[in-house]
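Observations on chain architecture
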Amino acid sequence: MLYILVAALGVAVARQFSWFGVFAISTILAVAMGVEGALHDRTLVKVLHRDWEVIVTFQAAYVAHIVWDVYGPRLMARLGR
């Protein structure tokens, strides 16, 4: 569920921010996940693994949305023939 939420956040951010904004937001998410992991006494490896997954999900959603904006109309036109 967390990854669906993060992916939706990435799509929403794609409309408003540039790459720098995406980097800043994904860094804030990673720090928040690290703090949450420290509070629940998880090992550093588990926290870093979860942070990496969240950052990749967020940025993949951002890139997918940008690619869809660029190539989506052409693809839909081809499929509609």
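See above for the structure.
This write-up is about the structure you can find in this document.

Further remarks concern the overall build of the chain. When helices and strands are tallied, the chain shows three helices and zero strands. Each helix and strand of the chain, placed in order from N terminus to C terminus, yields the pattern α-α-α. When each of the 81 residues of the chain is scored for burial, the buried share is 22%. Looking at the chain alone, contacts between residues at least 24 apart form 72% of all its contacts between residues at least 6 apart. In the form shown here, the chain has an accessible surface area of approximately 6,000 Å², with 72% of it arising from carbon and sulfur atoms.

Together, Val-63, Ile-66, Val-67, Val-70 and Tyr-71 give the surface a local cluster of nonpolar side chains, amounting to about 400 Å² of exposed area. Mapping Val-67 onto the fold places it in helix H3 (residues 44-79).

As for its position among the elements, Ala-60 is in helix H3. Note: C-alpha distance between Ala-60 and Gly-10 (50 residues apart in sequence) is 7.8 Å.

What follows deals with the environment of Val-63. Note on placement: Val-63 falls in helix H3. Residue classification places Val-63 among the partly exposed positions, given a relative accessible area of 35%. Along the sequence, Val-63 and Gly-10 sit 53 residues apart, while their C-alpha atoms lie 8.6 Å from each other.

Next up on the list: H3. At Tyr-71, H3 is bent by approximately 55 degrees, the largest bend along its length, and proline Pro-73 sits one to four residues beyond. Within H3 the residues assigned to the buried category are Val-47, Asp-51, Val-54, Phe-58, Ala-61, Tyr-62, His-65 and Gly-72.

Conventions adopted
Residues numbered from 1 in each chain as written. Predicted model: local features only at pLDDT ≥ 70, side-chain atom pairs only at ≥ 80, totals over all residues. Heavy atoms only, no water. Helix = DSSP H or I, 4+ residues; strand = E, 2+ residues; numbered from the N terminus. Buried < 20%, exposed > 50% of the residue type's maximum accessible area, 1.4 Å probe, protein only. Contact = heavy atoms within 4.5 Å. Areas by Shrake-Rupley, 256 points an atom, 1.4 Å probe, with all protein chains shown as cover. Patch = residues over 30% accessible without salt bridge, like charges linked within 9 Å, V, L, I, M, F, W, Y side chains within 5 Å. Salt bridge = Lys/Arg side-chain N within 4 Å of Asp/Glu carboxyl O. Bend = angle between axes of the 7 residues up to and from the residue.

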